[in-house]
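# A structural walkthrough
So you can see what is in the structure, the chains are spelled out below.
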Amino acid sequence: MSGTVLVAGIGNVFLGDDGFGVETARALTRCALPAHVEVLDIGVRGVHLAYQLLDGYDTLILVDATARGEAPGTLYVIEHDDTGADGLEGAAIDGHRMTPDAVLALLSTLCAGTGAEPPRRTLVVGCEPASVEERVGLSPAVSAAVPEAVRLIEEMLSGERRTPPGGDGVPVHGPGVPHL
């Protein structure tokens with residue numbers, strides 16, 4: 001990946017495995033990453049993320065719990081497709097329900113008003129949650145996926161690992177998936 005990159009860990013640490021993105025971002029901050037990479041623990045502050053993106057990044061990597069029906073701890077890389085984001089104007093106003101799609105829709109509005117450019121590419125590194133019930137701490141399967149996600153993101157940043165063609169969300173690590 002060339003150009004500036006923002007890796008944003010998102011999720012709610014009070015909802016169990018929903019804190020995957022936050023924990024992965026924390027782990028990434030302890031790594032020696034290239035100078036063009038910034039890592040932020042966004043948590044549930046979606047509006048903050050939208051404004052942060054106005055600083056101009058070539059690539060955005062969102063790290064989040066992503067339920068897609070596989071075994072808990074399965075990792076995915078998904079290329080964000082912003083088609084259809086136009087219908088999210090109402091969701092973008094509610095600061096308490098800032099899903100990644102709502103954040104990106106708000107970013108489009110902010111960019112139009114400021115002349116800033118949104119990231120050229122947005123990827124999601126997702127992890128299949130076991131539980132997003134009220135509790136603090138990740139399940140064992142999702143906790144074990146954090147170091148694998150860190151390694152995956154490091155490989156993506158260094159160019160050692162290319163994202164799946166089209167970022168189609170095919171599982172890249174987990175039970176029944178060959179090791180990266």
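All of these numbers come straight from a predicted model, not from anything done at the bench.

## A short note on helix α1 (residues 20–28)
Note that an α-helix has 3.6 residues per turn; residues three or four places apart therefore point the same way. Of all the 9 residues making up α1, 7 are buried; the element is thus mostly covered by neighbouring parts of the structure. Listed in full, the buried residues belonging to α1 are F20, G21, V22, T24, A25, A27 and L28. Check the buried side of α1 and you find it contacts β1 (5–10), β2 (37–43), β3 (59–65), β4 (75–79), β5 (121–127) and α5 (140–158).

## Some remarks on the pattern of salt bridges
Applying the stated rule across the entire model yields 7 salt bridges. Where R26 meets E23, a salt bridge forms, and the shortest distance between an N and an O atom there is 3.0 Å. One end of the pair, R26, and the other, E23, are both in helix α1, 3 residues apart, so they sit about a helical turn from each other. The residue R120 makes a salt bridge to D58 at a minimum N-O spacing of 3.7 Å. Pair noted here: R120 is in the loop between α4 (100–114) and β5 and D58 is in the loop between α2 (46–52) and β3, with a separation of 62 residues, a long-range link.

## Section: the packing of aromatic side chains
For any pair of aromatic rings, the description rests on two quantities: the centre-to-centre distance and the angle between the ring planes. As enumerated under the stated definition, the model contains 0 aromatic pairs in all. Just above the ring of Y76 sits the side chain of R68; from NZ or CZ to the centre is 5.5 Å.

Reading guide: rules and limits
Position numbers for residues count from 1 along each chain, tracking the sequence in the order it is written. Totals for whole chains, interfaces and linings use all residues, but because this is a predicted model, local features are given only for residues with pLDDT of at least 70 and pairs of side-chain atoms are given and counted only at 80 or more. Working from all heavy atoms in the structure, the side-chain values ignore hydrogens and water. Each residue is assigned to one of three classes by its accessible area relative to the maximum for its type, calculated with a 1.4 Å probe on protein chains only: buried under 20%, partly exposed between the two thresholds, exposed over 50%. Numbering of helices and strands starts at the N terminus; helices are DSSP runs of H or I of at least 4 residues and strands are runs of E of at least 2. Contact between two residues is taken to exist if any of their heavy atoms lie within 4.5 Å; hydrogens are not considered. Only one rule defines a salt bridge in this text: a Lys or Arg side-chain nitrogen within 4 Å of an Asp or Glu carboxyl oxygen. Pairing of aromatic side chains requires ring centres within 6.5 Å, counting the rings of Phe and Tyr and the six-membered ring of Trp. Pairs whose planes differ by under 30 degrees are stacked, by over 60 edge-to-face, and all others tilted. Either the NZ atom of lysine or the CZ atom of arginine qualifies as a charge over a ring when it sits within 6 Å of the ring centre and within 35 degrees of the ring normal.

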